[in-house]
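Chain by chain, the residues run as shown.
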Amino acid sequence: MSTDRRQFLGLTGAGLVGASLSCTSPASAAAFAAASDPAAKVVSQGPGKHSLPDLPYAKDALEPYYDTKTVELHHGVHHLGYVNGLNAAEKQMAEMGAKEDFAGTKIAAKAMAFHGAGHLLHSIFWTNMAPKGGGKPEGDLAKAIDRDFGSYKAFLGLFTAASNSAEGSGWGILGHDRVHDVLRVLQAEKHENFAVWGVTPILVCDVWEHAYYLKYQNRRAEWTKVFMDHLVNWEDVSRRLASSRS
Ligand code: MN3
């Protein structure tokens, strides 16, 4: 891809946050792609119509590495909370607009960013894992990792270190920077604050304690190692890179 085309794509591509706040996912099998792929063309159903996407596998399918109880709570309680919070914030924004009473805008906008980012990142997170996951990436993703980090080992060290040291509603993130067509390892501390505008997350590891505490307690490094060794779905990550580049 030429530099000009990269810059063109970067400047015209849909921004991550814009996509997360404006797209609305119907309750269907396509909901994950709609909610988590900024390149997906999603027709808005109106404010407050987001729904929790079904898991792309059985809730016990990631055993023994990701336990059934944590998946149940993480998906059915925590992720659902983001969906409900996003819907509430969108409805509040719409109501304020209709009444032309904008006193609650700061609170609603903050809630929309927090819950919208949570919904988007969790939707990516679930599809980033698969039964019999792990191993190493292949194809264009492997080439991009070698080009941008030097080696898979170097990437693994950076991604794991970013995940292990994140604070708060934290995430380790591998993202594709559409402006420069380069992969970046990022760390989210407050997940509504995206570190680099225009970066599309393609691999995300949830390191807020609800994601792993039942099974791994305070051993976060064990959780992130298991995530990379046994859960990561490289086919999904590759698809996301290709989607971001196209
Ligand atoms: Mn979580």
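Scroll up a little and you will see the structure.
Residues numbered from 1 in each chain as written. Predicted model: local features only at pLDDT ≥ 70, side-chain atom pairs only at ≥ 80, totals over all residues. Heavy atoms only, no water.

Enquirer: Would you explain the environment of Val182 in this entry?
Expert: The residue Val182 is located in strand β2 (residues 182–188) in this model. Considering only alpha carbons, one finds Val182 and Ile145, 37 residues apart in sequence, at a separation of 9.1 Å. With sequence-adjacent residues up to four places away left out, Val182 is seen in contact with Arg147, Asp148, Gly175, His176 and Asp177. (Helix = DSSP H or I, 4+ residues; strand = E, 2+ residues; numbered from the N terminus. Contact = heavy atoms within 4.5 Å.)

Enquirer: Teacher, can you tell me more about the nonpolar core here?
Expert: Considering soluble globular proteins, one finds that nonpolar side chains tend to be buried as a cluster. Grouped together as the largest cluster of nonpolar side chains are 43 residues, with contacts concentrated most on Tyr66, Met129, Phe155, Leu203, Trp223 and Phe227. Here Leu203 is in contact with Asn128, Phe155, Phe159, Gly172, Ile173, Leu174, Phe227, Met228, Val232, Trp234 and Val237, once residues within four sequence places are set aside. (Core = buried A, V, L, I, M, F, W, Y, C linked by side-chain atoms within 4.5 Å. Buried < 20%, exposed > 50% of the residue type's maximum accessible area, 1.4 Å probe, protein only.)

Enquirer: Honestly, the pairing of strand β3 (residues 199–206) in this entry has me stumped. Any pointers?
Expert: Side-chain direction in a regular strand flips from residue to residue, so the side chains alternate between the two faces of the sheet. When you tally the buried positions in β3, you get 8 out of 8 residues, the bulk of the element. In the sheet, strand β1 (residues 171–177) pairs with β3 via 7 bridges, with the strands oriented antiparallel. Bridging from a neighbouring strand, Asp177 pairs with Val199 of β3. (Pairing = 2+ DSSP bridges.)

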